[in-house]
Number of protein chains: 2
Amino acid sequence: MMSNIPKIVILGAGYAGILTAQRLQKELNYNEADVTLVNRHDYHYITTHLHMPAAGTDSVENTRVPISKLIDEFKIDLVKSSVQEIRPHEKKVILEDGTLSYDYLVISLGGESETFGIPGLADYAMTIRSINSVRLIRKHIEYQFALYKNERHPQERLNFVVGGAGFSGIEFVAELADRIPALCKEYDVDPSKVNIYNVEASPTALPGFAPELVEYAMDVLKRKGVTFKLGVAIQECTPDGVLLATGEEIKAATVVWTGGIRGNHMIEAAGFETARGRVKVDEYLHAPGHDNIYIIGDNALVFNPEGRPYPPTAQIAMQQGVCCAHNIVAAIRNQQPRKFAFQNKGTVASLGKGEGIAIVGDKQYKGWKAAQLKKLVDMRYLFIIGGIPLVLRKGKFL
Amino acid sequence: MMSNIPKIVILGAGYAGILTAQRLQKELNYNEADVTLVNRHDYHYITTHLHMPAAGTDSVENTRVPISKLIDEFKIDLVKSSVQEIRPHEKKVILEDGTLSYDYLVISLGGESETFGIPGLADYAMTIRSINSVRLIRKHIEYQFALYKNERHPQERLNFVVGGAGFSGIEFVAELADRIPALCKEYDVDPSKVNIYNVEASPTALPGFAPELVEYAMDVLKRKGVTFKLGVAIQECTPDGVLLATGEEIKAATVVWTGGIRGNHMIEAAGFETARGRVKVDEYLHAPGHDNIYIIGDNALVFNPEGRPYPPTAQIAMQQGVCCAHNIVAAIRNQQPRKFAFQNKGTVASLGKGEGIAIVGDKQYKGWKAAQLKKLVDMRYLFIIGGIPLVLRKGKFL
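Residues numbered from 1 in each chain as written. Chains lettered and ligands numbered in written order. Predicted model: local features only at pLDDT ≥ 70, side-chain atom pairs only at ≥ 80, totals over all residues. Heavy atoms only, no water.

Here's the deal with the interface of chain B and chain A
Contacts between the two partners involve 18 residues from chain B and, on the opposite side, 18 residues from chain A. Between chain B and chain A lies a buried interface of about 1,700 Å² when both sides are counted; carbon and sulfur atoms form 51% of it. Note that A:Asp188 is salt-bridged to B:Arg64, the shortest N-O span being 2.7 Å. Sorting the residues of the side of chain B that touches chain A by element identifies α4 (131–150) and α5 (167–187) of chain B as the ones contributing at least two each. By residue number, the principal contributor to the side of chain B that touches chain A is α4(B), which donates 12 residues. (Contact = heavy atoms within 4.5 Å. Buried area = accessible area lost by both parts, 1.4 Å probe. Salt bridge = Lys/Arg side-chain N within 4 Å of Asp/Glu carboxyl O. Helix = DSSP H or I, 4+ residues; strand = E, 2+ residues; numbered from the N terminus.)

Dropping the structure here:
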């Protein structure tokens, strides 16, 4: 059916993209616009849960949802493909197996791992960034235990280095520490032979949390067997492990890098002005100079009232998705768009089974209460995107 | 307690060693002899079941039993250590962490993989020979699926080469073929991309089975997706796969070698005369010229009435264990030893879920009946070594 109703294309079905799609589906009237959601996989995954399947403390299936369960395919076209190039001046997106034209474009592609130019990281370190990458981490870890028992017990197989003590790094080492006893039992390995190192260039872990919560978190993790190396940069990652700025070498067959997120390389390639690959969007989430292009999620640079950029989180991505959908509908209807304003609902970091830290408003929580809050946040997300049925189906891991 | 009661040392707690130990425990009177069982691990494993955990169709835990559940540690000393050297003329065995003297020695160490001098096999192929080695195979296979999804879909990750179409090779490819659909589902891989090659230098598979059973087995496996290359020798194994004598190369990140068993290298190193590492024992299972040394299991060469050597199987190893224990007790009591005579109780090969072939006496079975016979054989073994409790504990996989 040919029509001149506006075409909306959404690139990426992460937090930002899926929220945009769901809100558009709800707010648009019949035949008011064509909406196409492009995603590399036919599933959406819960990025904030990836540290668990990566360590093997939960399954991949509890971490993803078929997109077809989240959107109404009678209202939104789902294209499973990989974006190759964005051409803003032609209003086109090049996919690996086709081309899409748009009137409105939502770039919610997700970011990429930021390696800060540290040599070897891109080649020898794994990252917690997708279902495929965490399956690799999990299998790689198990494989090291199996290899250890078939070789002359080389220590590097049982040394695990996690680069970065931010949110992802801390949540992953906590799960890994929780998994080690089971792995040691399964492979008949003496647990005292296993070492988990968390290396961080900044002098403290978990930026954004109050010092007493950070201290609590580190105490929990040290008790679980994690060795911290804070204020020490990784100078190079090699096939044998990592070289630290102090000159120390940690031999390790497993290096997981969680050091940061930068914008997707396709953003810069498309000609947008970027800082670390991210675009400073306007107050309505438009790419500068392109009122028909919205950039949201990991690729958007939004500043807080003090002029510092918000870190890329699931929370801000979801709020941007809602705002973006609202503004596209407004544009189609020639109504006023809404300014994006981030509402901080709090931050929770999991520290493994039954442990966590949290800030909600001016309240701080730690231990069991924080762990419960984490579950609440996860369940709330499942409820937002999939209602009660999804909470019941995936919520069992909580 | 110093004593001059005879010291019996048993090296290896496989089928032959565990049966010897159990029979000695039963037949010896109190303080009639000191029995020490040396084993590298504190568990006994069911070698005929290893193809299942190797493919991942059953767990390692269903394939092993703690030795402490099989012997009475008040009657038999269990030493967990690795044998380094046998010194027949000093009546000593050197362990990795000590030395044992003996009056009677039972060498039931188990064999080693026979690579027939094919270059690269020892370095790049895995073998189904122990709990540790099958854990490695399982994890290696899963890791290939995980890698496949994180690289640019290299075909060699999904090509699996099994060298040898004897008993172990056939039973393993059957399980692997059964496992592939689940792996493809777990890793989102198109099953049509996976190839299983079974390469065998002999013109036929499964030597010892009647041609119609072999044909049946091959039909079953072809339907499960196995590609046979019979009458084709592997010329070389490389990090990239295998080179065949035909000049063909199969690129494969996974090569499992099941081509044969030879005697343990320590036998030859001890000064015994060997053929392919195995010792032609006398009719009482003595090493030639050493009436106090018994060699049983994979390292013993015993000939059938037609003058051909029996292949090393669990069945013959168990019967040798019983005969060996009897003859040691007889020697201690200055009674007549018994000649070893193999009683063939039949042969069953599993072909994966619900499929198999079997010969019992002059009767042949295939399909479901043979699969049931396989279960019966496995259960009978559990019953022999551990009685009803072990059948109930481990028999659940049957």
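On we go.
Regarding a nonpolar patch on the surface
On the surface, a cluster of nonpolar side chains totalling about 410 Å² of accessible area is made up of A:Phe383, A:Ile384, A:Ile388 and A:Leu392. For A:Leu392, a relative accessible area of 66% corresponds to the exposed category. (Patch = residues over 30% accessible without salt bridge, like charges linked within 9 Å, V, L, I, M, F, W, Y side chains within 5 Å. Areas by Shrake-Rupley, 256 points an atom, 1.4 Å probe, with all protein chains shown as cover. Buried < 20%, exposed > 50% of the residue type's maximum accessible area, 1.4 Å probe, protein only.)

A word on the sheet that holds strand β22 (residues 290–295) of chain A
Residue and element names in this part refer to chain A. The strand order β5-β2-β1-β9-β22-β21 describes an open sheet built from six strands, whose pairing is mixed. This sheet does not close on itself; its edge strands, each paired only once, are β5 (76–80) and β21 (286–287). Across five bridges, strand β2 (residues 34–39) lies against β5 in parallel orientation. The residue bridging Leu-37 from the neighbouring strand is Leu-78, located in β5. Those strands touched by helix α1 (residues 15–27) are β1 (7–11), β2, β5 and β9 (104–107), and its axis lies near 155° from that of β1. Here helix α8 (residues 314–332) sits on the sheet and contacts β1, β9 and β22; the angle it forms with β9, its principal contact strand, is near 170°. (Pairing = 2+ DSSP bridges. Axes fitted to C-alpha atoms, helices over the stretch in contact; angles between N-to-C directions.)

Here's the deal with the relation of the copies chain B and chain A
Expressed as a screw transformation, the operator carrying chain B onto chain A has a rotation angle of 180° and an axial translation of 0.0 Å, and the superposed copies differ by an RMSD of 0.0 Å. Such a combination of turn and shift is consistent with a two-fold rotation axis. A high fraction, 100%, of the interface residues of chain B reappear at the interface in chain A, so the copies pair face to face through one surface. (Least-squares fit on C-alpha atoms with pLDDT ≥ 70 in both.)

Observations concerning unusual backbone geometry
Residue and element names in this part refer to chain B. Here the phi dihedral of Asn-31 falls at roughly 65°; this positive angle occurs in a residue that is not glycine. You can see Asn-31 is positioned in the loop between α1 (15–27) and β2 (34–39). A positive phi angle, close to 45°, is found at Leu-206, a residue other than glycine. Among the structural elements, Leu-206 can be located in the loop between β13 (195–200) and α6 (211–223). By relative accessible area, Leu-206 is classed as buried at 2%.

Concerning the packing of helix α4 (residues 131–148) of chain A against helix α5 (residues 167–187) of chain A
All names here are of chain A. Two elements in contact, α4 and α5, have axes separated by 11 Å at closest approach and are oriented at 40°. In this structure, the crossing between α4 and α5 has a hand that is right-handed. On α5, the residues that touch Ile-137, Arg-138, Ile-141, Glu-142, Phe-145 and Ala-146 of α4 are Phe-172, Leu-176, Arg-179, Ile-180, Leu-183, Cys-184 and Tyr-187. Taken together, the residues that form the contact of α4 with α5 break down as 10 nonpolar, no polar and three charged. (Left-handed = near helix turned anticlockwise from the far one by under 90°. Nonpolar A, V, L, I, M, F, W, Y, C, P; charged D, E, K, R; others polar.)

Things to note about the domain arrangement of chain A
Looking at chain A, the domain boundaries give domain 1 (7–40 + 81–113 + 262–335) and domain 2 (121–259). Just the C-alpha atoms count here: the centres of domain 1 of chain A and domain 2 of chain A sit 34 Å apart. (Domains from an automatic or database assignment.)

Comments concerning the pattern of salt bridges
The full count for this structure, using the stated rule, is 36 salt bridges over all chains. The partner of A:Arg87 in a salt bridge is A:Glu85, with the nearest N and O atoms 3.1 Å apart. In this structure A:Glu85 comes out as partly exposed when scored by relative accessible area, which is 35%. Residue B:Glu283 pairs with B:Lys339 through a salt bridge whose shortest N-O separation is 3.4 Å. You can see B:Glu283 sitting in the loop between β20 (279–280) and β21 (286–287) and its partner B:Lys339 sitting in the loop between α8 (314–332) and β24 (347–350), a full 56 residues away along the chain.

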